Amino acid sequence: MNRREFLGAAALATASVTTAPAAPNVPWYRRALRWGQTNITERDPARYDIPFWRDFWKRTAIQGVIINAGGIVAYYPSKFPLHHRAELLNGRDLYGELASAAHQDGLAVLARMDCSRAAEDFFQAHPDWFARHADGSPYRADDKYTTCVNSAYYDEYIPGILEEIIQRSHPEGFADNSWSGLTRNNICYCDNCARKFRDRASQSLPPRKNWDDPVYRRWIQWNYARRTEIWDHFNHVTRAAGGPECLWLGMNSGSITSQSNSFRDFSEIARRSEFLLLDHQSRSDATGFQQNGDTGKLVHGLLGWDKPIIESMALYQPRVAAKPTAEAQMWMVEGIAGGIGPWWHIVGAAPEDRRMFRTPERVFQWHRANDEYLTNRRPLAAVGIVWSQRNTDYFGRDDAAELVEAPYRGWTQALLRARIPYLPVNLADVGTRMDQFAALILPNLGAMEANEAEAIRVFASRGGAVIATGATSLYDEEGGARSDFALSDLFGAHAPSPDFGRRRPEQAHTYLRVSNRHAILKGLEDTDIIPFGSTLAEMRIDPGVTVPLTYVPPFPVFPPESAWMRTPKTEIPGVILKGRTAYLPAPIDALYAHSNLPDHGNLLANLVRWAAGDRIGFELQGTGLIDCHVYTQPGRTIVHLVNLTNEAAWRGPMDEFIPVGPLTMRLRTAAARSATCLVSGAKLPVIVKQGWATLEIPRVVDHEVVIL
Ligand SMILES: [Zn+2]
């Protein structure tokens, strides 16, 4: 078979996959890509119009539904007397009726639970199942009481509910909205917790939050282990009662800081789950739509690209009014571009703002027509941005937003703007994934085990480029300060003091001076200085390193007469280059996340181009802010361009699309004569020269998927 025949055969094979009915032996969690959820309020049992929603399930081409079943509120006549019935349930089995309708329509059903709290009568009957403050008073959540993860409520009561629901309606699985109990900011002092912690750690519960106390760190680890144990326990229960494919799935956040705060060990959860539910409903002004694409790639990096992720995507803003279509659609599109399956989410069964029905119909129908290109693919990127949940916990502690998230976001923002495809890489996976990348970025990655630092060193010794910032490798895996960077040999630089790292960038009127005209300063030929905005300490560097930028210390801004540099030049390095490694004492990444200065973004992008060079293999020219995702499937390359150029540039929600184009795309790929656009439907000519394919995309409205 020659290459052309092979490509033809591949195209034929995929075509037959889309037209053939799903193979019956494929489990539901591999088949159901699109989901819907009408989150049922306590009033809805009296007004739920099942035929209307069945029609909407069809119109949105969903393959699974999430239906409220039990936990805080029961939507069926439960045999457990304290299982609080929905206020207007009136003996109706609304959950059961919906589950049966969904099954008749060929949809998978996830029974929705929420085991985080219970009402007053429940608390009075089982006072030992609830979380307690140090003074013995119960933790409250509005008018309810917070259940304790270490009590029989989790060990016995909830399993009984799961079994009851399975016996009544045979759902494909369960979705638990809020399963992981109290967050990290609250220590539970109930008798169960006191006893279990003593059994495990031979110590009393920590008296208060104190990251420097080994007992507190032990408590953190003990809490993580308990959540993972709950995941296993509930899955054991559902599989025993409902068969091996009856999965219990707790919701997870798309934010690592939030996962840490909830003691959800993302790697452990991803390792043991066949399917992942994200509760990550909308963008923030700080992180933008692109954060959803990043989340998809980050979580697939843990889960693998064969297992599906779906994400609850809010159609409302606020709770019961429609989110502007452009805003809702763009969040969905970025999620899909990052490999997330769409899941529309509406609160209340009788929406009075019918505009919210528009968005999913359009996006989900497009997804159905093209899902063979949107799933079962592998991402292509020569650049990895390294993260770790332990770093969020033990380096970030209570300031992870500034110490961990901001530097990471600064890099993603710079690469997005420069149209350089990248992938998030878990630090623990660097050892097994290093051949995939030309460059690895370590954004202020303070906490690092010795063997993780060694993996980075091996990556560098095999020709990989390393770009690190701030406190990277200055702390051990529990956040204890080292006397110097574990990677100081690689950096050619030495930490000025053990507390060098765990500081937010200080606001200061400072600059960086060009001290060596290096390739990383491309575009800065007409200036000798760039803004900096924080402070830098003296730092010992090894002989032979290159220092392209040095620090200019603070001087007055006001009055203008006094705005002159008192010390125009120092030897304090802002950027240090050694071989193929760049180390930045200057927190340019975190600063870029906050102040968005093009000089900072360009410097970060230049560093990556210098480090990864030709191996980036992708270029896009033309105006606009465009997120570029590149994937491969056998015989083809898939480029997903998301047009983030919009009128809500200064703040959401977005209400109008602004088309961009023409765009010239170049990518390194095997022979391709033409390209197909999955959104516009256009067929585009492709010119291939020396292994690079070039094509022109006339126009992109919200997004475009180009198949080569
Ligand atoms: Zn407790």
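Above this text sits the structure in question.
Residues numbered from 1 in each chain as written. Predicted model: local features only at pLDDT ≥ 70, side-chain atom pairs only at ≥ 80, totals over all residues. Heavy atoms only, no water.

Participant: How do you make sense of the overall build of the protein chain when you look at a structure like this?
Facilitator: Regarding its fold elements, the protein chain presents 20 helices and 32 strands. Rg of the C-alpha trace for the protein chain: 27 Å, near the compact-globule value of 27 Å for 708 residues, within the 12% margin. By principal-axis analysis of the C-alpha atoms, the protein chain measures approximately 80 × 65 × 55 Å. Per-residue burial for the protein chain yields a buried fraction of 58% across its 708 residues. (Helix = DSSP H or I, 4+ residues; strand = E, 2+ residues; numbered from the N terminus. Rg over C-alpha atoms; globule rule 2.2 N^0.38 Å. Buried < 20%, exposed > 50% of the residue type's maximum accessible area, 1.4 Å probe, protein only.)

Participant: What's the story with the environment of Gln291 in this structure? I'm lost.
Facilitator: The residue Gln291 is located in helix α11 (residues 290–303) in this model. Sequence-wise, Gln291 and Ala240 are 51 residues apart; in three dimensions their C-alpha atoms are separated by 38 Å.

Participant: Looking at this structure, I do not really get unusual backbone geometry. What am I missing?
Facilitator: Note: most peptide bonds trans; most residues except glycine with negative phi. Put simply, Gly652 and Pro653 share a cis peptide bond, and its omega is 0°. With respect to the element layout, Pro653 can be found in the loop between β26 (636–643) and β27 (663–668). In this structure, the amide linkage connecting Gly661 to the following residue, Pro662, adopts the cis form with an omega of 0°. Positive phi, close to 60°, is recorded for Phe263, a residue that is not glycine. Following the sequence through the fold, Phe263 ends up in the loop between α9 (256–261) and α10 (266–272). Of note in the backbone geometry, Arg397 takes a positive phi value of approximately 45° without being a glycine. By secondary structure assignment, the location of Arg397 is in the loop between α14 (389–395) and α15 (400–418).

Participant: I'm lost on the coordination of the zinc ion in this one. Help?
Facilitator: Put simply, a metal with four donors set out as a tetrahedron has ideal angles of 109.5 degrees, and one with six donors set out as an octahedron has ideal angles of 90 or 180 degrees. Those protein atoms acting as donors to the zinc ion are Cys148 (SG), Cys188 (SG), Cys190 (SG) and Cys193 (SG), and they sit at 2.3 Å. Around the zinc ion sit four donor atoms; with metal-centred angles ranging over 99 to 121°, the donor geometry is tetrahedral. Counting residues between consecutive donors of the zinc ion along the chain gives the motif C-x39-C-x1-C-x2-C. The two residues Cys188 and Cys193 agree in class, both being buried. (Donors = N, O, S within 2.8 Å, 3.2 Å for Na, K, Ca; no water. Tetrahedral: all angles 85-135°; square planar, octahedral: opposite > 155°, others 65-115°.)

Participant: I tried to follow the pattern of salt bridges on my own but got confused; where do I start?
Facilitator: Where charged atoms from two side chains of opposite charge approach closely, those side chains can pair. Per the counting criterion, the structure on display carries 33 salt bridges. Close ionic contact of Asp489 with Arg457 constitutes a salt bridge, the shortest N to O distance being 2.9 Å. With a gap of 32 residues between them, Asp489 in helix α18 (residues 488–491) and Arg457 in helix α17 (residues 450–461) connect regions that are remote in the sequence. A relative accessible area of 22% places Arg457 in the partly exposed class. Through salt bridges with shared partners, a single network forms among Asp155, Lys196, Arg226 and Glu229. (Salt bridge = Lys/Arg side-chain N within 4 Å of Asp/Glu carboxyl O.)

Participant: I'm lost on the sheet that holds strand β6 (residues 144–146) in this one. Help?
Facilitator: Sheet strands associate in pairs through backbone hydrogen bonding, adopting either a parallel or an antiparallel arrangement. On the basis of which strands lie adjacent, the open sheet formed by three strands has the order β4-β6-β5 and antiparallel pairing. On the outer flanks of this sheet lie β4 (117–118) and β5 (140–141), each paired with one strand and no other. (Pairing = 2+ DSSP bridges.)

Participant: Would you take a moment to explain the environment of Leu678 for this structure?
Facilitator: Note on placement: Leu678 falls in the loop between β28 (674–677) and β29 (683–685). In this structure, the C-alpha to C-alpha distance between Leu678 and Val705, residues 27 residues apart in sequence, is 5.3 Å. In contact with Leu678, other than residues within four places in its own chain, are Trp366, Asn370, Tyr373, Glu704, Val705 and Ile707. (Contact = heavy atoms within 4.5 Å.)

Participant: What is the right way to read helix α20 (residues 598–612) from this model?
Facilitator: Turn by turn, an α-helix covers 3.6 residues, leaving residues three or four places apart pointing in a common direction. In this model, α20 (15 residues) spans 21 Å end to end at C-alpha, consistent with the 21 Å of a helix rising 1.5 Å per residue. Buried within α20 we find His600, Gly601, Leu603, Leu604, Ala605, Asn606, Leu607, Val608, Ala611 and Ala612. Following α20 by one or two positions, Gly613 has its phi on the positive side, about 55°. (Expected span 1.5 Å × (residues − 1).)

Participant: Sorry if this is basic, but what is going on with the environment of Val237 here?
Facilitator: When you line up the elements, Val237 lands in helix α8 (residues 214–242). Val237 sits 77 residues away from Gly160 along the chain, and the two C-alpha atoms are 8.9 Å apart. Discounting residues that sit within four places of it in the chain, Val237 has contacts with Pro159, Leu162 and Glu163.

Participant: When you look at the nonpolar core in this model, what are you seeing that I'm missing?
Facilitator: In a soluble, globular protein the nonpolar side chains are often hidden away together inside. Trp35, Trp57 and Tyr95 are the most contacted members of the largest nonpolar core, which has 156 residues in total. At nine residues, helix α6 (residues 152–169) tops the list of elements feeding residues into this core. For Tyr95, the contacting residues outside a window of four places in its chain are Ile67, Asn68, Ala69, Tyr75, Tyr76, Val109, Ala111, Ile165, Ser169 and Pro171. Listed in part, the 39 residues of the second largest apolar core include Val386, Leu403, Val430 and Phe500. (Core = buried A, V, L, I, M, F, W, Y, C linked by side-chain atoms within 4.5 Å.)

Participant: Is there a simple way to think about the packing of helix α19 (residues 588–595) against α20 in this case?
Facilitator: If you want to describe how two helices pack, look at the angle between their axes and the distance between the axes. Here α19 crosses α20 at 140°, and the two axes come no closer than 9 Å. Overall, the two elements α19 and α20 adopt an arrangement that is oblique. Between α19 and α20 lies a crossing of left-handed hand. Each of Ile588, Asp589, Leu591, Tyr592 and Ser595 in α19 lies in contact with α20, whose residues at this interface are His600, Gly601, Leu603 and Leu604. (Axes fitted to C-alpha atoms, helices over the stretch in contact; angles between N-to-C directions. Parallel < 35°, antiparallel > 145°, perpendicular 65-115°, else oblique. Left-handed = near helix turned anticlockwise from the far one by under 90°.)

Participant: Help me understand the packing of aromatic side chains, please; the structure alone is not making it clear to me.
Facilitator: As enumerated under the stated definition, the model contains 44 aromatic pairs in all. With a centroid separation of 6.0 Å and 90° between ring planes, the pair formed by Trp211 and Tyr394 is classed as edge-to-face. A residue pair is termed long-range when its members are at least 10 positions apart, and Trp211 in the loop between α7 (191–201) and α8 and Tyr394 in helix α14 qualify at 183 residues. Accessibility expressed as a relative area gives 6% for Trp211, which makes it buried. Above the ring of Tyr475, the side-chain terminus of Arg502 is found at 4.5 Å from the ring centroid. Between the NZ or CZ atom of Arg566 and the centre of the ring of Trp564, over which it lies, the distance is 3.8 Å. (Phe/Tyr/Trp six-rings, centres within 6.5 Å; stacked < 30°, edge-to-face > 60°. Lys NZ or Arg CZ within 6 Å of the ring centre and 35° of its normal.)

Participant: Help me understand the packing of α7 against α8, please; the structure alone is not making it clear to me.
Facilitator: Two elements in contact, α7 and α8, have axes whose closest approach is 11 Å; the angle formed by their N-to-C orientations is 105°. Compared by their axis directions, α7 and α8 come out roughly perpendicular. Residues Cys193, Lys196, Phe197, Arg200 and Ala201 of α7 lie in contact with α8, whose contacting residues are Val215, Arg218, Trp219, Trp222, Ala225, Arg226 and Glu229. Along the lines of polarity and charge, the residues of the contact of α7 with α8 split into seven nonpolar, no polar and five charged. (Nonpolar A, V, L, I, M, F, W, Y, C, P; charged D, E, K, R; others polar.)

Participant: What's the story with the pairing of strand β13 (residues 383–387) in this structure? I'm lost.
Facilitator: Looking along a regular strand, one sees the side chains alternate between the two faces of the sheet. Within β13, five of the five residues are buried, which leaves it mostly tucked inside the rest of the structure. Neither face of β13 is open: one carries Val383, Ile385 and Trp387, the other Gly384 and Val386, and all of them are buried. As paired elements, β13 and strand β14 (residues 422–426) share five bridges and run parallel to each other. From the neighbouring strand, Val386 faces β14, where its bridge partner is Val425. In this sheet, strand β15 (residues 439–442) lies alongside β13 in parallel orientation, the contact comprising three bridges. By the bridge assignment for β15, Ile385 is matched with Ile441.

Keep in mind that these numbers describe shape and distance, not what the molecule does.
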